[in-house]
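# Close look at the chain arrangement
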Amino acid sequence: MASKKYLNAPFYPYLTLPISLYILEPFSNDKEHTMTDTNDKLLKLRHSTAHVMAEAVLQIFPEAKIAIGPAIENGFYYDFDLPRSLKPEDLEEIEKRMQEIMKAKLDFVKKVVTKDQALEIFKNQPYKLELINELPETEEISTYTQGEFTDLCRGPHVENTRDLNFKAFKLLNVAGAYWRGDEKRPMLQRIYGTAWDNPKDLRAHLDWLKEVEKRDHRRLGKELDLFSLHEEAGPGLVYWHPKGARVRHEIEKFWKNEHYKNGYELLYTPHVGKSWLWETSGHLDFYAEGMYPEMIMDKANYYAKPMNCPFHIMIYKNSMRSYRDLPFRWAELGTVYRYEKSGTLHGLMRVRGFTQDDAHIFCTPDQMESEIIEVLRFSLFFLKSFGFEKIQAYLSTRPEKAVGDPALWKAAEESLKKAIESEKLEYDIDEGGGAFYGPKIDLKIKDAIGRSWQLSTIQFDFNEPERFGMTFVDTDGKEKRPYMIHRALLGSIERFFGVYLEHCAGAFPVWCAPVQVALIPVAEAFNDYAREIETKLKAMDVRVWADLSDDRMNQKIRKAQNEKIPYMLVLGEKEAESKAISLRPRQGEQKNLIPFDDFTQFLMEKITNKDLL
RNA sequence: GCCAGGAUAGCUCAGGGGUAGAGCAGCUCACUCGUAAUGAGCAGGUCGUGCGUUCAAAUCGCAUUCCUGGCUCCA
């Protein structure tokens, strides 16, 4: 059931499987192209284009069964049950016929019909019949007809096919899709297309798609030699190459330092544990199919951990805890393993082994509110450190089936809301959208090309403290239940790395770039000077690469540029004489003959401030 | 998991029933050159894996693994 659409969902710390909305809003700077601005005009136009496509498909396959064909973000689709599977060439034929239909200037004619009439009209269309029969009695049933094609549809539509610009749409791809998204129902063929008001907008959207492809983290990961995956060694398991590991190390170093600075302690816990843990936590009941299968050893069943929380709870329960000890803020870069269906694996975005930037906060009821506010502030600090300024919060509240006292839920929800408001974040409330064990806040960021990704999640848990019988001794000498909050800021390191890689298109800021400075001697005669500079920079912990190959200077620059190394230092006779360098930044203007000390000062500032360039 | 497409040298890709091809990368040699590709040469795959059809398979068929695009967006 999961799909690529869910790639922007984070890895939840606890029991739920990731479910999330996919928001794709290209051209964040260009209102014309965003869905928010999508006036009915574009919606109508796209939906009408879907109808035109259905007509074209029926011309080719008169026996085709049609399902549904809505407008979606940037375009539309239509699902068909066809006698054979479509080939890419079919799309061209369909497109051609669609253009003919548009040029024919056909009216879209609406007709209100009775249920019986509708059943008669669509008697050969089983999917439509199913829809008709499920319509509420009160609902007006209408059909829209253009040319030879009539569809069950509530509209609205454009008036005439001439309102559709036959040069402003394009069919993109064919895909399988279950009827009504249900894997037990028949698999239909879905044709996706994109449609716009004018050819210029279409062009812009196609360019955007190209940009998405160019930034694909799988492509960049290969080009920049950052990581790899190996089917023969296990799908969905990531191998970090030296350069990728360097970036990851820098990110993790930053993460750890900031946690210590912000009142957290770090933990390390095992990767496997006996079934008792997962029976107690409830994972084996609710989540078994998401776990790697058991390993049997010394007559006990062990599981690779899909979550870190039970381990942190073990540490909590290791001794008596007093209200004086709380809150505990325990963080761990914990690598977990989950069985993700083979069809859902995708580069670094969806994998089977990944590292959560996890933490659990155990606190008293009194502390809950300030802890939540603090966690949210800390999340925002991290996201902003990486240059994500546009942040949207989503608050999910108590679902019908839930554990825990409703009053506790209410209080938790209130404190979550207060935290969001104190940070003045935009937010949406998903009523009843919380997990069964507690309400949560999710944070979504928007990347450089306008796509939304969910990264942080802050979740209450009324379940595990109960199941594990966690307690603390309160001021009155009585044992009470602590509050437990799960939170991940970046989500998982792997996925965050993928998102960030796409966000910056491979051009990491200097502080975490795998190579920070490239040295480019103009000719062999200046290799010595390059070595001298290299030694000095290395002594300052700068990651430097001296290109002493016998390539020509132009070639060296090209290589460094393609590797997206932030700074290139060109070194020749003039530089060597005056102990200077010529600076060619990966972006921006070059500056010649800068005193070396000036450069290092500039560089160190960039690095320590984590400048994003 | 399901539907469709794909898997050919490290990378990007061409070819297609008669025993494999390009560019880049790599290696060697020459060149020592001021801001995005110096030139020449060499080496490198049995065409994802298995089984089958055939005189003959990378090319056809079946199976399998992995990859890619999709699989709630309610007429």
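This report concerns the structure included in the present document. Given the structure is predicted, the values throughout are model-derived calculations rather than measurements.

Moving on, we get to unusual backbone geometry. Residue Pro327 is bonded to the preceding Leu326 through a cis peptide linkage, with omega at 0°. Checked against the element boundaries, Pro327 lands in the loop between helix H10 (309-316) and strand S15 (328-337). Of note in the backbone geometry, Leu593 takes a positive phi value of approximately 50° without being a glycine. Here Leu593 falls in the partly exposed class, since its relative accessible area comes to 39%.

All right, on to the pattern of salt bridges then. Overall, the coordinates contain 40 salt bridges when judged by the stated rule. Among the ionic pairs, Glu211 bridges to Arg215, the shortest N-O distance being 2.8 Å. In this pair, Glu211 and Arg215 are both assigned in helix H5 (residues 199-215), four residues apart and thus about one turn of the helix distant. Salt bridges sharing common partners tie together Glu130, Glu134, Arg180 and Arg185.

The next point concerns the environment of Ile557. Of note, Ile557 is situated in helix H16 (residues 553-562). Classification of Ile557 by relative accessible area gives buried; the value is 13%. For Ile557 and Ser142, which are 415 residues apart along the polypeptide, the C-alpha to C-alpha distance reads 65 Å. Not counting residues up to four positions away in its chain, the partners in contact with Ile557 are Ile520, Met568 and Arg584.

With that settled, the discussion passes to the sheet that holds strand S18 (residues 426-430). Read across the open sheet, the eight strands follow the order S11-S15-S16-S23-S20-S19-S17-S18; overall the sheet is mixed. If you trace the sheet from one side to the other, it starts and ends with strand S11 (265-266) and S18, each paired once. Examined bridge by bridge, S15 and strand S16 (residues 353-363) share ten bridges and lie antiparallel to one another. Each bridged residue has a counterpart across the sheet, and for Glu332 the counterpart in S16 is Asp358. On top of the sheet, H10 reaches S15, S16 and strand S23 (483-492); it is set at about 140° to S15, its chief contact.

Before going further, it helps to spend a moment on helix H12 (residues 406-422). Given a rise of 1.5 Å per residue, 17 residues ought to cover 24 Å, and the 24 Å separating the end C-alpha atoms of H12 matches this to within 8%. What H12 keeps buried is the set Trp409, Ala412, Glu413, Ser415, Leu416, Ala419 and Ile420. Relative to the axis of H12, the buried residues are bounded by an arc of 165° and lie together on one face. Phi for Lys424, located one or two positions after H12, is positive at around 55°.

All right, on to the state of the cysteines then. For the structure shown, the criterion picks out zero disulfides. Cysteine Cys309 remains unbridged, with the sulfur of Cys363 as its closest cysteine sulfur at 16 Å. A residue is classified by how much of its surface remains accessible, and Cys309, at 0% relative accessible area, is buried. Here Cys504 is not cross-linked by a disulfide; its sulfur's nearest cysteine counterpart is in Cys512, at 7.1 Å.

Take the sheet that holds strand S4 (residues 109-113) next. Judged by pairing direction, the sheet is antiparallel, and its three strands sit side by side in the order S4-S5-S6 without closing on themselves. Each having just a single partner strand, S4 and strand S6 (149-152) make up the two edges of the open sheet. Going across the sheet, the axis of each strand differs from the next one's by a mean of 25°, ignoring polarity. Bridge count between strand S5 (residues 141-146) and S6: four bridges; the pairing is antiparallel. Bridged to Gln146 within S6 is Phe149. Against the sheet, helix H1 (residues 40-60) engages S5 and S6, with an angle of about 125° to S6.

Rules of the game
Residues numbered from 1 in each chain as written. Chains lettered and ligands numbered in written order. Predicted model: local features only at pLDDT ≥ 70, side-chain atom pairs only at ≥ 80, totals over all residues. Heavy atoms only, no water. Helix = DSSP H or I, 4+ residues; strand = E, 2+ residues; numbered from the N terminus. Buried < 20%, exposed > 50% of the residue type's maximum accessible area, 1.4 Å probe, protein only. Salt bridge = Lys/Arg side-chain N within 4 Å of Asp/Glu carboxyl O. Contact = heavy atoms within 4.5 Å. Pairing = 2+ DSSP bridges. Axes fitted to C-alpha atoms, helices over the stretch in contact; angles between N-to-C directions. Expected span 1.5 Å × (residues − 1). Arc of directions from axis to C-beta. Disulfide = S-S within 2.5 Å.

Treat this as a map of the structure, not an account of what it does.
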